[in-house]
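Reading the structure
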Amino acid sequence: MPPALAEIATDFREASAKDRVQLLLEFGEDLPDLPPRYADAPEKLEQVHECQSPLFLAVEVGAQPGVRSDDQRVGLFFSVPREAPTTRGFAGILHAGLDGASAAEILATPEHAPMNFALAEVISPLRMRGMVAMLSRIKRQVSLQIAARDDGA
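Residues numbered from 1 in each chain as written. Predicted model: local features only at pLDDT ≥ 70, side-chain atom pairs only at ≥ 80, totals over all residues. Heavy atoms only, no water.

1. Quick word on the packing of aromatic side chains
Definition in use: Pairing of aromatic rings covers Phe, Tyr and Trp, the last counted by its six-membered ring, and requires centre-to-centre distances within 6.5 Å; plane angles under 30 degrees mean stacked, over 60 mean edge-to-face, and any other angle means tilted. Think of it this way: any DSSP run of H or I at least four residues long counts as a helix, any run of E at least two long counts as a strand, and we number them from the N terminus. Three exposure classes are used, based on accessible area relative to the maximum for each residue type with a 1.4 Å probe and protein chains only: buried under 20%, partly exposed in between, and exposed over 50%.
Enumeration over the complete set of coordinates arrives at 3 aromatic pairs. The interplanar angle of 80 degrees and the centroid separation of 5.7 Å between the aromatic rings of F12 and F117 together place this pair among those described as edge-to-face. One end of the pair, F12, is in helix α1 (residues 3–14); the other, F117, is in the loop between α5 (103–107) and α6 (125–152), with 105 residues separating them in the sequence. Taken as a pair, F12 and F117 share a single burial class, namely buried. What links up through ring pairs into an aromatic cluster is the set F12, F27 and F117.

2. Some remarks on the pattern of salt bridges
Pairs can form between side chains of opposite charge once their charged atoms are near each other. Note the cut-off: Throughout this description, the term salt bridge denotes a Lys or Arg side-chain nitrogen within 4 Å of a carboxyl oxygen of Asp or Glu.
According to the stated counting rule, one finds 8 salt bridges in the structure shown. In this structure, E60 engages R37 in a salt bridge whose closest nitrogen and oxygen atoms are separated by 2.8 Å. Of this pair, E60 sits in strand β2 (residues 56–61) while R37 is found in helix α3 (residues 36–39), placing the two residues 23 residues apart along the sequence. Assessed through its relative accessible area of 26%, E60 is described here as partly exposed. By sharing partners, the salt bridges in this structure join E46, E50, R137 and R140 into a single network.

3. Some thoughts on the packing of helix α2 (residues 17–29) against helix α4 (residues 85–98)
Applied cut-off: To obtain each axis, a line is fitted to C-alpha atoms, and for helices this fit is confined to the stretch in contact; angles are then taken between N-to-C directions over 0 to 180 degrees. Any angle from 65 to 115 degrees is called roughly perpendicular, while one under 35 is roughly parallel, one over 145 is roughly antiparallel, and all others are oblique. The contact criterion used is simple: two residues touch if any of their non-hydrogen atoms lie within 4.5 Å. Ten residues, namely Ala, Val, Leu, Ile, Met, Phe, Trp, Tyr, Cys and Pro, are considered nonpolar, four, namely Asp, Glu, Lys and Arg, are considered charged, and the remaining ones, Gly among them, are considered polar.
Remark: α2 packs on α4, axes separated minimally by 6 Å, with the N-to-C direction vectors making an angle of 75 degrees. In terms of orientation, α2 and α4 fall into the roughly perpendicular class. Contact residues: α2 offers L24, L25, F27 and G28, while α4 offers P85, T86, R88, G89, F90, G92, I93 and A96. Residues belonging to the contact of α2 with α4 are distributed by class as follows: 7 nonpolar, 4 polar and 1 charged.

Honestly, it's all geometry; don't read function into it.
Structure, rendered in structure tokens:
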């Protein structure tokens, strides 16, 4: 798990149940808006249907000359309505913990990583399923972009 995501997980585990909910909401408030290249072209975003609220995401694996494709830095972009604070919080956690990580770090992140945040005690299993699905989509998009780049090389 990338160090930033591991640190966030530790913060959640060390917080009380009430504070975990507040922390989740704060991550949602900190989620950056979409850049114009996605805000103006929603068809470029992938919907995560497992989320109870509408959530769309995009992943960019940066092409850096002389850097192996699995060491490329990854950019994450999320579109989540402000009226969905829990879903925004999940996206905010993943953004804060994974944005800027290498493709290899993201691909090595365990599928069950969202369970390390001790949120299952305060959030419904259906909502947790949405966070796991977000991570799965991110990893899939990273894999697809690396494979496309490696095939074209």
